[in-house]
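# What the coordinates show
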Amino acid sequence: MKFLALIFFLVFGLSLSAQKTLDVKLILKYRNNPLCNWDVTIKHDDATIAKSKSNEKGEVTFKNATVYSLSIDAYGYKAFQGGDKKWDVKGYIQLNEQGFASFDFEPLVKETGMPASMLEAAWGLTISDCGQVASTPKSEEKPSGASPAKTEEKKSVEEVEEEKYSIEEMQQDMKTGMDNMKLMQENKIANLNSKIEKKTAQRNELDVKSKEYSKLSYEIKDLELEREISKTKLEKVNLQISKGYKPLNKSEKAPLDDKENAFSEEQKLLKKKEKEGYFYGTTELIESSKPKAQEESQAEEKTEKSEKKSEKPEKEEAKVEETNEKEARKFYTESELAEMSVFALKKYKMELNTSKMKLELNLKTKNSIFMPDEIEQFKADLAKIESQILLIDTELQKRSETKE
């Protein structure tokens, strides 16, 4: 009994030492626009910590909140004329030591892989009632002094989306989309299994030291890795379906993303080894049946054709929404950015963020493969992209302040 009592007091003491009471402050945004007039609840798992409402800047403060860790979950609710809106954020909000965190929903929306417009409407992320009194529930009467202009603005921004998609239709679309994704991955896996079986049978008839044997071995391994990627994608979809067709939280999604990325990187290294002419599974080079100069000439010709095919005349450079991966690397001056629309700026920023993520992934996973000058070039490109994103954020902030 004394031993059990000692354990109890030790656990209780550790619990108290981890507990902290402080003012928790969150800034909630979507695409750098504040989420205003939301009833927000913060929790640890299912245990409620505190409740409060966000102001016109998307700021919400919870006075004297008792937290047991700096990782918290947040739940939002808004009574809205087009139907009540709700969202929840689990595993993504990390407070600093002062109890502050800023969270933008945009990366979370992108991570789900679903159409942004569907989630924007379902969660109410684009409701622009900042600077106004909290939205009136449809069961209540509107104040007689309400501004007609603001009412019309609300209809033109939010209710158009509501007319386009009812909540029921969106939920059904999401379910149908996930069911289709599940079926697509299952069919792809079955097709890959068939190809692997057929190519393995072909390889078994060849001399293990032949160039054809090595080539088929590379093809089979590539198909096997592609199958593992599809299996991981199917695992994600099945997990979402098991959760009632809801997006995965960070802790659920991260390990599956890491596994998929690992297979993708192995696939790239496999293709690199084959291109360099190594016999499959060895460090021995395959003797080429063609003169080296002829191979290099054909490789250069193929590269030139590929480059010519990708070079398309740009008549409207300001239309960032139509840019491809290469064109997304074009950098603009402050004055050029000032002439772009808000939509074009945000679209351009998304493309830059994608390029940034790819560069960071290359530096992280392939550091040992690249030459020092290539690594320096990657770092220089990364710095340019980060500088351009900073200019975009500054311009968007100016627009936001002007609008207020």
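Summary of the structure given here. (Residues numbered from 1 in each chain as written. Predicted model: local features only at pLDDT ≥ 70, side-chain atom pairs only at ≥ 80, totals over all residues. Heavy atoms only, no water.)

For E120, the location among the structural elements is in helix α3 (residues 116-123). A distance of 2.6 Å separates polar atoms of two side chains, one belonging to E120 and the other to Y30. Apart from the residues within four sequence positions on either side, E120 is in contact with Y30, R31, L125 and T126. (Helix = DSSP H or I, 4+ residues; strand = E, 2+ residues; numbered from the N terminus. Polar contact = N/O pair within 3.5 Å; in protein donor to acceptor, adjacent residues only side chain to side chain. Contact = heavy atoms within 4.5 Å.)

Close approach of charged atoms lets side chains of opposite charge pair. Scanning all chains against the criterion turns up 20 salt bridges. Its salt-bridge partner being D257, residue K236 comes within 2.6 Å of it at the nearest N-O pair. Of this pair, K236 sits in helix α6 (residues 211-242) while D257 sits in helix α7 (residues 250-275), and the two are 21 residues apart along the sequence. Neither K236 nor D257 differs from the other in exposure class; each is buried. Among the ionic pairs, D257 bridges to K253, the shortest N-O distance being 2.7 Å. Of this pair, D257 and K253 are both found in helix α7, 4 residues apart, which corresponds to roughly one turn of the helix. A single burial state applies to D257 and to K253, both of which are buried. A single salt-bridge network, built from bridges that share partners, covers K236, K253, D257 and E260. (Salt bridge = Lys/Arg side-chain N within 4 Å of Asp/Glu carboxyl O. Buried < 20%, exposed > 50% of the residue type's maximum accessible area, 1.4 Å probe, protein only.)

Attention now moves to unusual backbone geometry. The residue N32 is not glycine, and still its phi comes out positive at about 70°. Secondary-structure assignment places N32 in the loop between β1 (20-30) and β2 (33-34). Even without being a glycine, N64 presents a positive backbone phi close to 50°. The topology assignment puts N64 in strand β5 (residues 59-67).

Everything listed is a geometric property; what it means functionally is a separate question.
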